[in-house]
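If you want the building blocks of each chain, they are given just below.
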Amino acid sequence: MSIYPTLTNKTYVVMGIANKRSIAWAIAKTLDAAGAKLVLTYAAERFKSGLESLAADLNGEALLLECDVTNDAAIDTTFRTIHEQAGPIQGIAHSIAFADKEALRGEFSEMTRGQFAQALDISAYSLTAVVKAAKPYFAQDASVITLTYLGGERVVPNYNLMGVAKAALDSSVKYLANEYGPHGVRVNAISAGPIRTLSAKGVGDFNSILSELEQKAPLRRNVSAEEVASTGLFLLSSMGSGVTGEVIHVDSGYHIL
Ligand code: NDP
Ligand code: KAL
């Protein structure tokens, strides 16, 4: 008998696949391999065809829905449609963040009020908006994960505004875990080490962060999106049934230094 959980006929929503390098795509593939029924959401119509080609490689047939997380009505419609078409929601992987590129370099305090509001809206508030919209449709023992980064716990050069957004996200995980625990819903975060994705492209000094981790982290190597995804599978399945309000670092142990 396999020690891995079987997710056959269980519906999981994966939000935040931009392309094949996305952490959310690794999570989708891992859930698919475990037999899950997948719903994949994308931010806008222009991302649909790319996602369709990716989804064609999955074993199961995925439901693809547009969901811009800055729009409450869109979030509500998305989750109502998911329930109508795919039944109770066993889990959600929220893998979404955005900040204006200009605020991700130089001096932290140079950011504007508008940049701050947008980054916090998309990268932190959206988790609560999504959980709220899914509330009537959760299965009895549902699980939600989000993706965070060390720059929310301590200063990492250039992460700037996104560090404040991740601190708000990490705190939201705790308040949501406390509120939704009595309803059987667990809420956790994975703090991933640096992974070369579209978001990481052209921001900060990404290469030096990768090589610093490789030289100093206990495991002396970087992590893959697949390693983040297998921790995701643990948290999203019954294997993680006793864990909520937690941040698990999948970063070769770098955060202990
Ligand atoms: P990607 O660029 O692949 O994913 C970011 C996703 O955010 C994209 O799919 C993008 O959608 C989505 N997004 C942005 N704005 C919106 C919006 N308004 N509505 C809906 N979706 C939106 O990068 P990653 O996979 O790296 O990022 C995923 C998560 O992992 C983020 O939370 C990030 O902060 C976190 N993380 C990443 C690390 C890394 O090193 N890569 C390290 C630690 C955490 P679209 O393309 O359709 O606009
Ligand atoms: C210290 C690190 C180096 C990088 C600094 C800041 C990274 C911030 C992440 C944030 C999500 C990036 C953006 O919002 C980029 C955005 O301004 C421009 N890109 C886009 O619009 C693309 C097309 C779309 C797909 O991207 C999004 N997000 O929608 C942090 C490194 C070491 C770790 C990382 C990358 C952490 C993280 O949170 O992603």
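Residues numbered from 1 in each chain as written. Chains lettered and ligands numbered in written order. Predicted model: local features only at pLDDT ≥ 70, side-chain atom pairs only at ≥ 80, totals over all residues. Heavy atoms only, no water.

> Honestly, the nonpolar core in this entry has me stumped. Any pointers?
The tendency in soluble globular proteins is for nonpolar side chains to be buried side by side. In this structure, M15, F79, I89, I92 and F138 are the most contacted members of the largest nonpolar core, which totals 50 residues. Those elements that place two or more of their residues in this core are β1 (11-15), α3 (72-86), β4 (89-94), α4 (113-134), β5 (138-148), α5 (160-180) and β6 (186-192). Considering every element that reaches this core, the biggest residue donor is α4, with 10 residues. Core analysis: the next-biggest nonpolar cluster, separate from the first, contains 35 residues, I17, A36, I190 and L236 among them. (Core = buried A, V, L, I, M, F, W, Y, C linked by side-chain atoms within 4.5 Å. Buried < 20%, exposed > 50% of the residue type's maximum accessible area, 1.4 Å probe, protein only. Helix = DSSP H or I, 4+ residues; strand = E, 2+ residues; numbered from the N terminus.)

> How should the packing of aromatic side chains be read in this particular structure?
The description of an aromatic ring pair uses the distance of the two centres, along with the angle that the planes make with each other. One pass over the structure, following the stated rule, counts 1 aromatic pair. Residues Y149 and Y159 carry aromatic rings whose centres are separated by 4.8 Å and whose planes lie at 65 degrees to one another, so their mutual orientation is edge-to-face. Here Y149 is found in the loop between β5 and α5, whereas its partner Y159 is found in the loop between β5 and α5, with 10 residues between them in sequence. When sorted by exposure, Y149 lands in the same class as Y159, which is buried. (Phe/Tyr/Trp six-rings, centres within 6.5 Å; stacked < 30°, edge-to-face > 60°.)

> Could you clarify how one ought to interpret the confidence of the model for the protein in this entry?
In low-pLDDT regions, the fine details of the predicted coordinates are not to be read closely. Confidence along the protein averages 96 in pLDDT terms, with 98% of residues attaining 70 or more. Predicted confidence in the protein is weakest over helix α2 (residues 48-55), with a mean pLDDT of 95, and strongest over β6, with 99. (pLDDT = per-residue confidence, 0-100.)

> I tried to follow the packing of α3 against α4 on my own but got confused; where do I start?
Angle between the axes and distance between the axes: these two values describe a pair of packed helices. The N-to-C vectors of α3 and α4 enclose an angle of 40 degrees; their axes lie 9 Å apart at closest approach. By the angle between their directions, the pair α3 and α4 is classed as oblique. In the packing of α3 onto α4, the handedness of the crossing is right-handed. Facing α3, whose interface residues are D72, I75, D76 and F79, α4 presents Y125, A129, V130, A133 and A134. Considering only residue class, the contact of α3 with α4 consists of 7 nonpolar, no polar and 2 charged. (Axes fitted to C-alpha atoms, helices over the stretch in contact; angles between N-to-C directions. Parallel < 35°, antiparallel > 145°, perpendicular 65-115°, else oblique. Left-handed = near helix turned anticlockwise from the far one by under 90°. Contact = heavy atoms within 4.5 Å. Nonpolar A, V, L, I, M, F, W, Y, C, P; charged D, E, K, R; others polar.)

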